[in-house]
Amino acid sequence: MVSAVRTVLGEVAADRLGVVDAHDHLFIRSPLLPGQELADVGRAAAALGAFRELGGGTVVQWTPYGMGRRVAELSALSRDFGVHVIAATGLHQASHYPDELIRRVRGRLAELFVTELTEGVGATGVRAGLIKVAGGFHGLDDHATFTMRAAAEAHHVTGAPIAVHLELGTGALDVLDLLCGQLGVAPGSVILGHLNRSPDFAVHRLAAEAGAHLAFDGPSRANHATDWRMPEALAALADAGFADRLLLGGDTVTPDTPGMPYLLRRVRPRLALTLGDELVDRILVANPARVYAW
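Note that the structure is predicted; figures quoted are calculated from it, not measured.

Calculation notes
Residues numbered from 1 in each chain as written. Predicted model: local features only at pLDDT ≥ 70, side-chain atom pairs only at ≥ 80, totals over all residues. Heavy atoms only, no water. Buried < 20%, exposed > 50% of the residue type's maximum accessible area, 1.4 Å probe, protein only. Helix = DSSP H or I, 4+ residues; strand = E, 2+ residues; numbered from the N terminus. Arc of directions from axis to C-beta. Contact = heavy atoms within 4.5 Å. Core = buried A, V, L, I, M, F, W, Y, C linked by side-chain atoms within 4.5 Å. Salt bridge = Lys/Arg side-chain N within 4 Å of Asp/Glu carboxyl O. Axes fitted to C-alpha atoms, helices over the stretch in contact; angles between N-to-C directions. Left-handed = near helix turned anticlockwise from the far one by under 90°. Pairing = 2+ DSSP bridges. Lys, Arg positive; Asp, Glu negative; His and termini not counted. Right-handed = clockwise from strand over helix to strand, strands pointing away. Bend = angle between axes of the 7 residues up to and from the residue.

S.K.: What exactly am I supposed to notice about helix H6 (residues 172-182) here?
M.R.: In an α-helix, one full turn covers 3.6 residues, which means residues spaced three or four apart are oriented alike. Considered for burial, the residues of H6 that qualify are Ala-172, Val-175, Leu-176, Leu-178, Leu-179 and Cys-180. For H6, the angular spread of the buried residues around the axis is 165°, confining them to a single face. Among the exposed residues of H6, those pointing more than 90 degrees away from its buried face are Asp-177, Gly-181 and Gln-182. Against helix H5 (142-158), strand E8 (162-165), strand E9 (190-193) and helix H7 (201-210) lie the buried residues of H6. In the stretch just after H6, Gly-184 is the one whose phi turns positive, near 75°.

S.K.: Help me understand the nonpolar core, please; the structure alone is not making it clear to me.
M.R.: Inside soluble globular proteins, nonpolar side chains tend to come together where they are buried. The biggest cluster of nonpolar side chains holds 82 residues, and the ones touching the most others in it are Phe-113, Ile-131, Val-164, Leu-179, Leu-192, Phe-216 and Leu-248. Per element, the largest residue contribution to this core is seven residues, and it comes from helix H9 (residues 260-275). In this structure Leu-248 touches Val-20, Asp-21, Ala-22, His-23, Phe-216, Met-230, Leu-234, Leu-263, Leu-271, Ile-283 and Leu-284, once residues within four positions along its chain are discounted.

S.K.: Honestly, the pattern of salt bridges in this entry has me stumped. Any pointers?
M.R.: Side-chain pairing between opposite charges can occur once the charged atoms of the two side chains come close. Applying the stated criterion across every chain, the model contains eight salt bridges. The salt bridge partner of Arg-104 is Glu-100, with a shortest N-O separation of 2.6 Å. Of this pair, Arg-104 and Glu-100 both sit in helix H3 (residues 99-106), four residues apart, which is roughly one turn of that helix. Across the pair Arg-197 and Asp-251 runs a salt bridge, and its minimum N-O distance is 2.6 Å. Within this pair, whereas Arg-197 is found in the loop between E9 and H7, its partner Asp-251 is found in the loop between strand E11 (246-248) and H9, the two being separated by 54 residues in sequence.

S.K.: What am I meant to see in the packing of H5 against H6 here?
M.R.: Any two packed helices are characterised by the angle at which their axes cross and by the distance between the axes. Direction vectors running N to C along H5 and H6 enclose 35°, while the axes themselves pass 10 Å from each other. With respect to the hand of their crossing, H5 and H6 are arranged in right-handed fashion. On H6, the residues touching Thr-145, Met-148, Arg-149 and Ala-152 of H5 are Val-175, Leu-178, Leu-179 and Gln-182.

S.K.: How should I be thinking about the side chain of Ser-198 in this particular structure?
M.R.: Relative to the helices and strands, Ser-198 resides in the loop between E9 and H7. Owing to a relative accessible area of 18%, Ser-198 belongs among the buried residues under this scheme. Not counting residues within four places of it along the chain, the set of residues in contact with Ser-198 comprises Leu-168, Gly-169, Thr-170, His-204 and Thr-226.

S.K.: Looking at this structure, how should I read the sheet that holds strand E4 (residues 56-61)?
M.R.: The pairing of strands in a sheet happens through backbone hydrogen bonds and is either parallel or antiparallel. Across the sheet, three strands lie side by side as E3-E4-E5; this open sheet has parallel pairing. With partners counted over all chains shown, the strands left at the sheet margins are strand E3 (19-24) and strand E5 (84-86), one partner each. Averaged over all neighbouring strand pairs, the angle between strand axes comes to 20°, with direction disregarded. Pairing analysis gives four bridges linking E3 to E4, with the strands arranged parallel. Each residue of the ladder has a partner; that of Val-19, found in E4, is Gly-56.

S.K.: Which parts of the structure should I look at to understand the side chain of Asp-21?
M.R.: Within the secondary structure, Asp-21 is located in strand E3. Buried Asp-21, no salt bridge; nearest opposite-charge side chain is Arg-43, N-O distance 10 Å.

S.K.: Can you help me understand the sheet that holds strand E10 (residues 213-216) in this one?
M.R.: Ordered by their spatial adjacency, six strands build an open sheet running E6-E7-E8-E9-E10-E11, and the pairing between neighbours is parallel. Looking along the sheet, the strands with just one partner apiece sit at the ends: strand E6 (88-90) and E11. The mean angle between the axes of side-by-side strands here comes to 30°, regardless of whether they run parallel or antiparallel. In terms of strand pairing, E10 meets E11 through three bridges, oriented parallel.

S.K.: Honestly, the pairing of strand E7 (residues 130-134) in this entry has me stumped. Any pointers?
M.R.: On a regular strand, one side chain projects to one face of the sheet and the next to the other, so that they alternate. In terms of burial, E7 is largely enclosed, as five of its five residues are buried. Here E7 shows two buried faces, one formed by Leu-130, Lys-132 and Ala-134 and the other by Ile-131 and Val-133. Note that E6 and E7 share three bridges and pair parallel. Opposite Gly-90, over in E7, you have Lys-132 as the bridge partner. On the question of chirality, the crossover connecting E7 to the parallel E8 by way of H5 is right-handed.

S.K.: Whenever I open this one, H9 confuses me. Can you help?
M.R.: Considering bend angle alone, the principal kink of H9 is centred on Val-267 and spans about 40°; proline Pro-269 follows within four residues of it. Within H9, burial applies to Met-260, Pro-261, Leu-263, Leu-264, Val-267, Leu-271, Ala-272 and Leu-275. Check the buried side of H9 and you find it contacts E3, helix H1 (41-53), E4, helix H8 (230-239), E11 and helix H10 (277-291). Downstream of H9 by a residue or two, Gly-276 has a phi angle that is positive, lying close to 90°.

This is how it looks when you write it as structure tokens:
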């Protein structure tokens, strides 16, 4: 059986994804970023077209429920530009939502995730391909714990991978203790995001040893000043034998973010100086094809 990845246009064989931006956003909005939402279809089209011109084959949008995913537009953009797009279900930190929305979904969160993974998002018929949740700063609050329990339940029903926003790159081991230690999610189905924002090489090593996938999804906004340590962090993990655990993304969250083409135009050659072209290609192609396959 050939493993498949669930894109917005249907299932695609994992070995057909090409170069993958493993964590990004074509559309996203949040009350924490007023006036900085990504909601313009023309801007998204320009970004996706530029990504394709640079050799990009797949974009994984980590935008979860209630944050302006615009799933119907994702399908049209994917079809128009010939780039695979993977959409997310899931729920972010509580601060990204009105209290009323949290109350409305709280009693049926796992059911919501399963429905969006197996039947589709709303009336679009487009099925999500991963579950996105979020931790807190150096720990897990009640909302994060509840959301991760729902994500684990949906994972066990569907097999979908779980992608985790780590606040400023922290709390990775707490996330693994809960998802994998208590809730029985296989570590290889967990993607820890934003590790470039906390260059704690010991934590990176422990998370890789546990079997999780590690996403270095910078450069992001200018205040994330640790992105320059990403080549060193990736090299340390590769030298320790964990090259197959590494993922790269652009994480475009506001209009002033460098954007997904920057991942291939600037970040890729910079990493190649430290890691070599062969390893960078492995991180961009083989690794995401494995982790995003169901």
